[in-house]
Amino acid sequence: MATLGISYGFHDATAAVVHQGKVLAACAEERLSRQKHDANFPMLAIRSVLAEAGLTAADLDFVAYHERPSETFTRVVASTIAPFPRSRREFTVAMKAWLGKKLWVEGEIATRLGIDPAKIALHGHHESHAAQAFLGSGWTDAAILTIDAVGEWATTSLAHGRRGGDGKPVITPLVASDYPSSLGLVYSAVTAWLGFEPMDSECSTMALAAFGQPRYAREMRQVMQVDADGRVLIDASFFHFDRYFDAPWSSRFLDVFGAPRPPEHALPFDSLAPARVAPQSQRWADVAASAQLVFEECLLALARRLHVLTGAENLCFAGGAALNCVANARLLDQGPFKNVYVPPDPGDGGAAVGAALLADAKVHGQSAEYRPFVGPARSFALDEAMLAHVEPKAFRRHLKLGLPVTSGERWEHTRYETDSELARAVAADLTQGAIVGWVQGRAESGPRALGARSILIRPDLPELAKRLSETVKDRARYRPYALSMTREDAARLLETRAPADLDRPLYRWMQASVSVRPEARSGVACGLHVDGTTRPQIVDPVAQPRFHALLGAFGNAVVNTSFNESGFPLVTTPFEALAVFARTAMDVLVIENTVIRKQR
């Protein structure tokens, strides 16, 4: 039995294939279309994951979709009619989209794939999130918390997951909060008010919060809170959610928190060089800090209520809000659960995985834990053969804006026969201050680079991190980088209560922030935020032997950031990696065993 899971229609369209409890492949459409957050029908991703699994559409037993469109449609109609006529533009746009296309998901899937509509199963949006987290955790009993902007109607869901007597999972809904009572929408509205892109740059809000003080926490608690029953309460008078991508805040919000930041107004904060800033910029950081603090308080309140309702010691957390690594750390440290699991891609992309896991589990039973390295794979042999014939001059006219053309530049190609030779050579490049592109095996699923499609630098030279931000990533200086490390280095660097804490799931995939020991901070300064924390990836030597060998040869953690330029998805193919390498100031590109070095 093979099940195809699909999510699309809003953002991060994704396809995944599951067979007998195992995730064989998962891929976001953006990785192949090169359109960030691509929401279109994921035909490219579907072809990719079916090819990875050695299947065709005719081989599928089920196709599982991550939402029930008719229920979502009722919410869209109700929410755009209620504020009419103010919302007439939003109503018109929504009706064109839904009546023209979005409402007819089953027909579109059946037509595009050429399959019997009877094979198509529609799962609730939060049901798909919950299934991804619970079934992917490998646990047989766990509390499940889902928080995002909105599914059909639900915005926050509390549930209990258990393995039934027949071995099949039972996910029991407990408490739900419905639109417009949404922690996710509030956090995204604050993101928009701060001048960032909502549903994309919430990570910038989280990063900016570290530079502020929660001086507006009392006011923010009026905006969002959780009651004793575990329901989210939002004061809707602060927002206009019907015009979400325009200006979702109301005049009352502006009266309390002040004018929003114009996107063109640069923020002066720097995670590597904190300094005093103007009151206006500080106010924006203080509001970010207040929103982050109150969101964490609401998260803890939900967790405590869920613990009372379930008595479980394990918590599975999914939905877009589960990408907030600072809140995840507080949930782990101060929450009532012994263990916390967040899937590799907890947002809408991962809901495709959840829908497929749920349909599969109804036949085969509980699934086992899955890892994030289930993205597109390919033979690199042809690409490696091509590299020797590519010349720098072919790319010079495509250089990143502002970079000087280096006359006489040539590329040196070296192929290493063993992993240990490769690791020693690239470790030497890192030591010498090179910006290294690292492309290995199957790509990661989810938004974070974890050593399959990564850019790496040594962690102790702030000027090198500045060069990476300015000449490769176009990254704002208030956004910190993360660190990848071996378990041995983690024990030396990270402040944890006990050695066993280093084995927690949240530390494997950069899903929780953690403090770095004060005496070790200077050696890894480029991977720290202003508060002395990092998002660690403790690398599994079994899952990633070559990356682990590189870390061992280097002898320290490395800064690891996603292999992409700003505004683009992570690279997927070696050719895409070569294009980024060629047009930016990267120094070294590693594709499997082959290393290309720019010689100037």
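Coordinates for the structure precede this section.
For the structure given in this document, a descriptive report is provided here. Worth saying up front: this structure is predicted, and the values here are computed from it rather than measured.

### Notes on helix H16 (residues 462-473)
- Looking at H16, one finds that the buried residues are Leu464, Ala465, Leu468, Ser469, Thr471, Val472 and Lys473.
- The elements touched by buried residues of H16 are strand S15 (453-457) and strand S20 (558-562).
- Immediately beyond the C-terminal end of H16, within one or two residues, lies Asp474, with a positive phi of roughly 50°.

### A few points about the packing of helix H11 (residues 279-310) against helix H12 (residues 325-334)
- Axis separation between H11 and H12 bottoms out at 10 Å; the angle between their running directions is 40°. As far as their axial angle goes, H12 and H11 are oblique. H12 is crossed by H11, and the crossing has right-handed handedness. Two secondary-structure elements touch here, H11 through Gln292, Leu293, Phe295, Glu296, Glu297, Leu299, Leu300, Ala303 and Arg304 and H12 through Val326, Ala327, Arg330, Leu331 and Gln334.

### Considerations on the environment of Thr111
- Mapped onto the secondary structure, Thr111 falls in helix H5 (residues 105-113).
- Since its relative accessible area comes to 67%, Thr111 is described here as exposed.
- At 2.8 Å, the side chain of Thr111 and the backbone oxygen of Gly107 are in polar contact.

### Re the side chain of Gln292
- Looking at where Gln292 falls in the secondary structure, it is placed in helix H11.
- Not counting residues up to four positions away in its chain, the partners in contact with Gln292 are Tyr187, Met206, Ala209, Asn324, Val326 and Ala327.

### Some points on the sheet that holds strand S5 (residues 120-122)
- Overall, mixed pairing links the five strands, which are arranged S3-S2-S1-S4-S5 in an open sheet. Either end of the sheet is taken by a strand with one partner, and the two such strands are strand S3 (22-28) and S5. Neighbour-to-neighbour, the strand axes of this sheet turn through a mean angle of 20°, independent of strand direction.

### Examining the side chain of Glu576
- Counting through the fold element by element, Glu576 comes out in helix H19 (residues 574-583).
- One polar contact links the side chain of Glu576 to the main-chain amide nitrogen of Thr572, over a distance of 2.7 Å.
- If we ignore the near neighbours within four places in the chain, the residues touching Glu576 are Arg31, Arg34 and Val571.

### Topic: the sheet that holds strand S13 (residues 410-415)
- Here we have eight strands laid out as an open sheet, ordered S13-S22-S21-S14-S15-S20-S16-S19, and mixed in their pairing. Where the open sheet ends on each side, the last strands, each with one partner, are S13 and strand S19 (536-538). Pairwise comparison of adjacent strand axes, ignoring direction, gives a mean angle of 25° for this sheet.
- In terms of strand pairing, strand S14 (residues 436-439) meets strand S21 (residues 588-591) through four bridges, oriented parallel. Residue pairing in the sheet places Gly437 in a bridge with Leu589 of S21.
- Taken strand by strand, H16 contacts S15 and S20, and its axis lies near 140° from that of S15.
- Across the sheet, helix H18 (residues 545-554) is in contact with S14, S15, strand S16 (482-485), S19 and S20; its angle to S20 comes to roughly 145°.

### Description of the packing of helix H8 (residues 202-209) against H11
- Contact geometry of H8 with H11 gives a least axis separation of 7 Å together with a crossing angle of 105°. In terms of their interaxial angle, H8 and H11 are classed as roughly perpendicular. Within the contact between the two elements, H8 uses Thr205, Met206, Leu208 and Ala209 and H11 uses Trp284, Ala285, Ala288, Ala289 and Gln292.

### Examining the packing of aromatic side chains
- Tallied over the entire structure, the rule returns 19 aromatic pairs.
- Aromatic side chains Phe73 and Trp98 sit 5.9 Å apart centroid to centroid with 40° between the ring planes, which places their arrangement in the tilted category. Residue Phe73 is found in helix H3 (residues 69-81), and its partner Trp98 is found in helix H4 (residues 88-100); the two are separated by 25 residues along the sequence. The same class applies to Phe73 as to Trp98, namely buried.
- Centre to centre, the rings of Tyr179 and Phe241 are 6.4 Å apart; their planes meet at 50°, and the pair counts as tilted. Residue Tyr179 is found in the loop between strand S8 (169-178) and helix H7 (183-193), and its partner Phe241 is found in the loop between strand S10 (232-234) and helix H10 (251-257); the two are separated by 62 residues along the sequence. The burial state of Tyr179 is the same as that of Phe241; both residues are buried.
- Here the aromatic cluster, defined as three or more aromatic residues joined through ring pairs, consists of Tyr179, Trp193, Tyr216, Phe238, Phe239, Phe241, Phe253 and Phe257.
- Just above the ring of Trp509 sits the side chain of Arg508; from NZ or CZ to the centre is 4.8 Å.
- The ring of Phe581 is capped by Lys598, whose NZ or CZ atom sits 4.6 Å from the centre of that ring.

### Focus: the pattern of salt bridges
- Scanning the model with the defined rule gives 27 salt bridges in all.
- Across the pair Glu592 and Arg546 runs a salt bridge, and its minimum N-O distance is 3.4 Å. Of the two residues, Glu592 sits in the loop between S21 and strand S22 (594-599) while Arg546 sits in helix H18, which places them 46 residues apart along the sequence. For the pair Glu592 and Arg546, a shared accessibility class is recorded, and that class is buried.
- Through salt bridges with shared partners, a single network forms among Lys400, Asp474, Glu565 and Arg583.

### So, the state of the cysteines
- One pass over the structure, following the stated rule, counts zero disulfides.
- Free cysteine: Cys316, not disulfide-bonded; nearest cysteine sulfur from Cys325 at 19 Å.
- No disulfide involves Cys526; its sulfur sits 18 Å from the nearest other cysteine sulfur, which is in Cys325.
- In this structure Cys526 comes out as buried when scored by relative accessible area, which is 1%.

Reading guide: rules and limits
- Counting starts from 1 at the beginning of each chain's written sequence and moves along it residue by residue.
- Only residues with pLDDT of at least 70 get local features here, since the model is predicted, and only at 80 or more are side-chain atom pairs given and counted; chain-wide, interface and lining totals rely on the full set of residues.
- In computing side-chain properties, one takes all heavy atoms of the structure into account and sets aside hydrogens as well as water.
- Burial classification: accessible surface area is computed with a 1.4 Å probe over protein chains only, and a residue below 20% of its type maximum counts as buried, one above 50% as exposed, and the rest as partly exposed.
- The helix and strand labels rest on DSSP assignments: H or I over at least four residues marks a helix, E over at least two residues marks a strand, and numbering proceeds from the N terminus.
- Any pair of residues with heavy atoms lying within 4.5 Å of one another is described as a contacting pair.
- Orientation is described by lines fitted to C-alpha atoms, with helices fitted over the stretch in contact, and by angles between N-to-C directions that extend from 0 to 180 degrees.
- Each angle gets one of four labels, with under 35 degrees taken as roughly parallel, over 145 as roughly antiparallel, 65 to 115 as roughly perpendicular, and the rest as oblique.
- Each crossing is labelled by how the near helix is turned from the far one, with a counterclockwise turn of less than a right angle marking it left-handed and a clockwise turn marking it right-handed.
- Polar contact is the term for a pair of N or O atoms within 3.5 Å; when the atoms are in protein, one must be able to donate a hydrogen and the other to accept it, and sequence-neighboring residues count only if both atoms are side-chain atoms.
- By definition, two strands form a pair when at least two bridges between them are found by DSSP.
- Pairing of aromatic side chains requires ring centres within 6.5 Å, counting the rings of Phe and Tyr and the six-membered ring of Trp. Pairs whose planes differ by under 30 degrees are stacked, by over 60 edge-to-face, and all others tilted.
- For a lysine, the NZ atom is tested; for an arginine, the CZ atom; a charge sits over a ring if that atom is within 6 Å of the ring centre and within 35 degrees of the ring normal.
- For salt bridges, the criterion is a side-chain nitrogen of Lys or Arg within 4 Å of an Asp or Glu carboxyl oxygen.
- Pairs of cysteine sulfur atoms within 2.5 Å are what we label disulfides.

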